[in-house]
Amino acid sequence: MSISWDNYNPDHLNDELIDEKGMPKLTARRLVEHLQSLDVNELESRRQFAEVTIQEMGISFAVYSEKGNIDRVWPFDIIPRIISAKQWDKTAAGLKQRLKALNMFIADLYGEQLIIKEGIVPEHLITHSKNFRPECIGMKPAYGVWAHICGTDLVCEADGEFHVLEDNLRVPSGVSYMLENRAITKRVLPELFEQKNIKSIDDYPDRLFDMLVSLSPRKIKMPEIVVLTPGIHNSAYFEHAYLAQQMGIELVEGNDLVVGDDDCVYMRTITGLDRVDVIYRRIDDLFLDPEVFRKDSTLGVPGLMRAWLAGNVALANAPGAGVADDKVVYAYVPDMIRYYLKEEPLLPNVKTYLCDDPVQRQYVLDNLDKLVIKPANESGGYGMLIGPHSSKQEQAHFAELIKSDPRNYIAQPTLNLSTAPTLIGKGCIEPRHMDLRPFVLQGKDIYVTTGGLTRVAMKKGSLVVNSSQGGGSKDTWIVKSEKN
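Being a predicted model, the structure only gives us computed values, none of them experimental.

**What to know about the environment of Cys150**
- Within the secondary structure, Cys150 is located in strand S4 (residues 149–156).
- According to the relative accessible area criterion, Cys150 is buried, its value standing at 1%.
- Considered as a pair, Cys150 and Ser173 are 23 residues apart in the sequence and their alpha carbons are 9.1 Å apart.
- Each residue touching Cys150, except ones within four places of it in the same chain, is listed here: Leu99, Asn168, Leu169, Pro172, Pro438, Phe439 and Val440.

**Quick notes on the nonpolar core**
- Core analysis: the biggest nonpolar cluster contains 75 residues, and Phe105 and Ile279 have the highest contact counts within it.
- Here this core gets 10 residues from one element, more than from any other, and that element is helix H3 (residues 85–109).
- In contact with Ile279, not counting residues within four places along its chain, are Val226, Leu228, Leu257, Val265, Leu304, Val313, Ala314, Leu315 and Ala316.
- Counting 60 residues, the second largest nonpolar core, distinct from the first, contains Leu38, Ile82, Ile184 and Phe193.

**Observations concerning the sheet that holds strand S11 (residues 278–281)**
- Read across the open sheet, the four strands follow the order S7-S6-S11-S12; overall the sheet is parallel. Lying at the two open borders of the sheet, with one neighbouring strand each, are strand S7 (250–252) and strand S12 (314–316). When strand polarity is set aside, the average angle formed by the axes of neighbouring strands in this sheet is 25°.
- As paired elements, S11 and S12 share three bridges and run parallel to each other. When the bridges of S12 are listed, Tyr280 appears paired with Ala316.
- The strands touched by helix H8 (residues 237–247) are strand S6 (225–228), S7 and S11; relative to S7, the strand with the most contacts, the crossing angle is about 150°.

**Focus on the packing of aromatic side chains**
- Evaluated as defined, the whole model comprises 10 aromatic pairs.
- Centroid distance Tyr110 to Trp146: 4.8 Å. Interplanar angle 25°. Geometry classified as stacked. On the criterion of sequence distance, the pair formed by Tyr110 in the loop between H3 and helix H4 (114–117) and Trp146 in the loop between helix H5 (123–127) and S4 is long-range, its members being 36 residues apart.
- Owing to a relative accessible area of 1%, Tyr110 belongs among the buried residues under this scheme.
- The class for Trp146 is buried, based on a relative accessible area of 0%.
- Grouped by ring-pair contacts, the aromatic residues Tyr110, Phe132, Trp146 and Trp308 constitute a single cluster.
- Of note, Arg133 hangs over the ring of Phe293, and the distance from its end group to the ring centre comes to 5.9 Å.

**Brief notes about helix H2 (residues 40–57)**
- The first and last C-alpha atoms of H2 sit 26 Å apart over 18 residues, in line with the 26 Å expected at 1.5 Å per residue.
- Buried residues of H2: Val40, Leu43, Glu44, Arg46, Ala50, Thr53 and Ile54, and no others.
- At the N-terminal boundary of H2, the capping side chain belongs to Asp39, with an oxygen 3.1 Å from the backbone nitrogen of Asn41.
- Among the residues trailing H2, Gly58 stands out with phi positive, at a value near 70°.

**Section: the environment of Gly94**
- Counting through the fold element by element, Gly94 comes out in helix H3.
- Take Gly94: its relative accessible area is 2%, and that puts it in the buried class.
- Once the C-alpha coordinates of Gly94 and Val164 are considered, the two residues, 70 residues apart in sequence, prove to be 9.8 Å apart.
- Ignoring anything within four residues of it in the chain, the contact list for Gly94 reads Leu346 and Leu347.

**A short note on the packing of helix H6 (residues 175–188) against H8**
- Contact pair H6 / H8: the axes reach a minimum separation of 9 Å and the direction vectors enclose 70°. With respect to H8, the element H6 is oriented roughly perpendicular. Here Val175, Ser176, Tyr177, Leu179 and Glu180 of H6 come into contact with H8, specifically with Phe238, Glu239, Tyr242 and Leu243.
- Residue composition of the contact of H6 with H8, by class: six nonpolar, one polar and two charged.

**Some details on H8**
- Among the residues of H8, Phe238, Glu239, His240, Tyr242, Leu243, Ala244 and Met247 are the ones counted as buried.
- Directly after H8, the chain includes Gly248, whose backbone phi takes a positive value near 70°.

**Remarks on unusual backbone geometry**
- Look at the link from Ala316 to Asn317: it is a cis peptide, with omega at -5°.
- Located in the positive-phi region is Gln113, a residue other than glycine, with phi close to 55°.
- Along the chain, Gln113 falls in the loop between H3 and H4.
- For Asp263, which is not glycine, the phi torsion reads 60° and is therefore positive.
- As for its placement among the helices and strands, Asp263 is situated in the loop between strand S8 (257–259) and strand S9 (265–269).

**Focus: the side chain of Ser462**
- Within the fold, Ser462 resides in the loop between strand S21 (453–456) and strand S22 (472–479).
- Setting aside anything within four residues of it in sequence, one finds Ser462 in contact with His433 and Ala457.

**What about the pattern of salt bridges?**
- Evaluation of the coordinates by the stated rule reveals 29 salt bridges.
- Among the ionic pairs, Arg46 bridges to Glu42, the shortest N-O distance being 2.7 Å. Remark: Glu42 and Arg46 occur in helix H2; sequence separation between them is four residues, near one turn of the helix.
- Arg46 sits in the buried class, given a relative accessible area of 12%.
- With a relative accessible area of 31%, Glu42 lands in the partly exposed category.
- Residue Asp326 is joined to Arg407 by a salt bridge in which the shortest nitrogen-to-oxygen separation is 2.7 Å. Taken as a pair, Asp326 in the loop between S12 and helix H10 (327–330) and Arg407 in the loop between helix H13 (392–404) and strand S16 (409–413) lie far apart in primary sequence, 81 residues in all. With respect to burial, Asp326 and Arg407 carry one shared label: buried.
- Connected via shared salt-bridge partners are Asp153, Asp435, Arg437 and Arg455.

Reading guide: rules and limits
Residues numbered from 1 in each chain as written. Predicted model: local features only at pLDDT ≥ 70, side-chain atom pairs only at ≥ 80, totals over all residues. Heavy atoms only, no water. Helix = DSSP H or I, 4+ residues; strand = E, 2+ residues; numbered from the N terminus. Buried < 20%, exposed > 50% of the residue type's maximum accessible area, 1.4 Å probe, protein only. Contact = heavy atoms within 4.5 Å. Core = buried A, V, L, I, M, F, W, Y, C linked by side-chain atoms within 4.5 Å. Pairing = 2+ DSSP bridges. Axes fitted to C-alpha atoms, helices over the stretch in contact; angles between N-to-C directions. Phe/Tyr/Trp six-rings, centres within 6.5 Å; stacked < 30°, edge-to-face > 60°. Lys NZ or Arg CZ within 6 Å of the ring centre and 35° of its normal. Expected span 1.5 Å × (residues − 1). Polar contact = N/O pair within 3.5 Å; in protein donor to acceptor, adjacent residues only side chain to side chain. Parallel < 35°, antiparallel > 145°, perpendicular 65-115°, else oblique. Nonpolar A, V, L, I, M, F, W, Y, C, P; charged D, E, K, R; others polar. Salt bridge = Lys/Arg side-chain N within 4 Å of Asp/Glu carboxyl O.

Take a look at the structure:
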């Protein structure tokens, strides 16, 4: 007996694999036919095999709690998400356009600030941004690029098109899980990769390495590149170690590096000091350099900012790039694209209300039960109010938060996120909401991953996809042809 699709009910949702008549969409036919060919026990065996593989590979993430850090096995659903190459080509073009404009915006803020002087972006939004770093004013990194690695969160709405939910430009994470999801799926469903119509994502580590090499201030054949991690207790440490291993470069902590009298960065080795050219840093700005930012930081490197400002080392992402990570600044990205690139945005934003504006704030306060409220600089799904699922007490609390610090809050409609079939028990599938985080690299050139990290809300009806909040993930397939 195979799993039955007869009882699968998208319930008027925008399901990406199954249409409103219960039939597989064109791009999903091969997948659905293959799943139907497996009996319930075989499918369950493959799901268990995926779990064992994840444990053997040590794929995990940490969740912060009052009881300390909890290391959890990566949650994974074996039924992949499928996106047509035609739709992805359009999406990738929009992502490239967006990151180009964001980097021009950041460069402008730390330069002439023309976008402020011409009234496109209000000055007070920048001066009150938690991530604007006056220490970076006047700096001109290679190629004018500040955000070298961007993780852009996309949602597919009822119109079937991707919309940008937010940009992650500080230390975006998740790409290792994208790569590992593919490795697991190849083991669990190897038959489906024989037809060669699923686009590969295996080149990401090479692309990342080449981008980092392009940033080196010393134009030598083999610049020294390192990944700077806060250490084993960080929630994304698995990714730090994984990427360093995949690129064949050193994984270091702050005390492994030292800034010399010549304002160059050196790595301590058993044979002495080796000069470092590029640092892929996975540490927040405020912990990078105790001489400039937090004096109590033991994670960073004293003098690192001095070396960077002198042009002796490249930092990816550059300090200060997080000013464009702000969810309030996000609302102005379409205007940035028009201003800097003289183009219309290829990817729309989700409708956003700025609580800093009195008229928009009043609308938000009057509709807290219908909207999603987000703080400007939180991540991981923390500090949010999901209006339709909230209590009157929670709404009253957020009303006070908004009134006391309106600059710090935005609101968005409760989205009808797309769904996909998800295995939730032996032979049982149900639709679950999901989003997508593709990764964009920019240095000398610009590159977009073929797909990205699909995150899934594992609870029925939930819109919260973050792994720290109980979400799971799927492999993401970009299929080369829509023909059967």
